[in-house]
Amino acid sequence: EKIVSKLAYLKIGELARITGLTVGNLRYYSDIGLLQPVHRGDNGYRYYAQNASEQVEFIKKAQSLGFTLEEIKQILDVRNGGEIPCDLVQSLLNNKIEQLAIQIKQMTLFKKELEEYRAIWANQPESNLKQEEVCPLIDSVPLH
């Protein structure tokens, strides 16, 4: 085993303190290949490069744009393969925008449907509650 100067590396606890993430988060990132320790000690300790906090910051920024950990791993894999992943990033971003457009449309339709129920229900008197009903308003809604 190569001799490792422990001073050149960050222990996982130090990296957690610097990045504001939990040790559990960092272990998970390591386990799924997002953040590789530079060295594993005989004791199982993970030692990270000094710039590991920059890698974590990249992951956080990518997450803030809605990228999943799986997508971030794809991006990092392309970069680690020596290529610039910007085409992949733009493609993933376009997919996210399309998905959001679909969700917005669905939510707008759902909001309209709820507003229609609100209008109908506002004009209904307190109806006679049957013994088995929880709320006659909700019971009146068809399942589709």
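Residues numbered from 1 in each chain as written. Predicted model: local features only at pLDDT ≥ 70, side-chain atom pairs only at ≥ 80, totals over all residues. Heavy atoms only, no water.

What follows deals with the nonpolar core. If you look at the biggest cluster of nonpolar residues, it comprises 20 residues, and the most contacted ones within it are L15, L26, Y29, L34, L35, Y48 and I72. Those elements that provide at least two residues to this core are α1 (12-19), α2 (23-31), α3 (52-64) and α4 (69-80). (Core = buried A, V, L, I, M, F, W, Y, C linked by side-chain atoms within 4.5 Å. Buried < 20%, exposed > 50% of the residue type's maximum accessible area, 1.4 Å probe, protein only. Helix = DSSP H or I, 4+ residues; strand = E, 2+ residues; numbered from the N terminus.)

Before going further, it helps to examine the packing of α1 against α3. Close contact between α1 and α3 brings their axes to 10 Å; oriented N to C, the two are set at 50°. What the angle tells us is that α1 and α3 run oblique. Relative to α3, α1 is oriented so that their crossing is right-handed. Contacts from L15, I18 and T19 of α1 reach α3 at A52, S53, V56 and K60. (Axes fitted to C-alpha atoms, helices over the stretch in contact; angles between N-to-C directions. Parallel < 35°, antiparallel > 145°, perpendicular 65-115°, else oblique. Left-handed = near helix turned anticlockwise from the far one by under 90°. Contact = heavy atoms within 4.5 Å.)

Before going further, it helps to examine the side chain of E71. Mapped onto the secondary structure, E71 falls in helix α4. With residues near it in sequence (within four places) discarded, E71 still touches G66, L92 and K96.

Okay, the pattern of salt bridges next. The tally for this structure, following the rule as stated, stands at six salt bridges. Between K96 and E71 there is a salt bridge, and its shortest N-O distance comes to 2.9 Å. In this pair, K96 is assigned in helix α5 (residues 86-122) and E71 in helix α4, connecting sequence segments 25 residues apart. A residue is classified by how much of its surface remains accessible, and E71, at 16% relative accessible area, is buried. The partner of K111 in a salt bridge is E115, with the nearest N and O atoms 3.0 Å apart. Here K111 and its partner E115 are both found in helix α5, four residues apart, which amounts to about one turn of the helix. (Salt bridge = Lys/Arg side-chain N within 4 Å of Asp/Glu carboxyl O.)

The description of two packed helices rests on the angle between their axes and on the distance between the axes. Between α3 and α4, the least distance of the axes is 10 Å, while the angle of their chain directions is 125°. Classified by the angle their axes make, α3 and α4 are oblique. The two elements α3 and α4 cross, and the hand of that crossing is right-handed. Contact with α3, carried on its side by F58, I59, A62 and Q63, involves L69, I72, I75 and L76 of α4 and no other residues of that element. Taken together, the residues of the contact of α3 with α4 break down into seven nonpolar, one polar and no charged. (Nonpolar A, V, L, I, M, F, W, Y, C, P; charged D, E, K, R; others polar.)

Moving on to the side chain of K96. The exposure class assigned to K96 is buried, which follows from its relative accessible area of 18%. A distance of 3.0 Å separates a polar atom in the side chain of K96 from the backbone oxygen of G66. Residues in contact with K96, not counting those within four places in the same chain, are L65, G66, F67 and E71. (Polar contact = N/O pair within 3.5 Å; in protein donor to acceptor, adjacent residues only side chain to side chain.)

As a further point, take α3. End to end, α3 covers 18 Å across 13 residues, agreeing with the expected 18 Å (1.5 Å per residue, within 8%). Every buried residue belonging to α3 is among A52, V56, I59 and A62, and all of these are buried. Angular distribution of buried residues about the axis of α3 spans 120°; they occupy a single face of the element. Turned more than 90 degrees from where α3 packs its buried face, E54, K61 and S64 sit exposed. Residues of α3 that are buried make contact with α1, α2, β3 (46-48) and α4. Where α3 terminates, the next one or two residues include G66, which has phi positive at roughly 95°. (Expected span 1.5 Å × (residues − 1). Arc of directions from axis to C-beta.)

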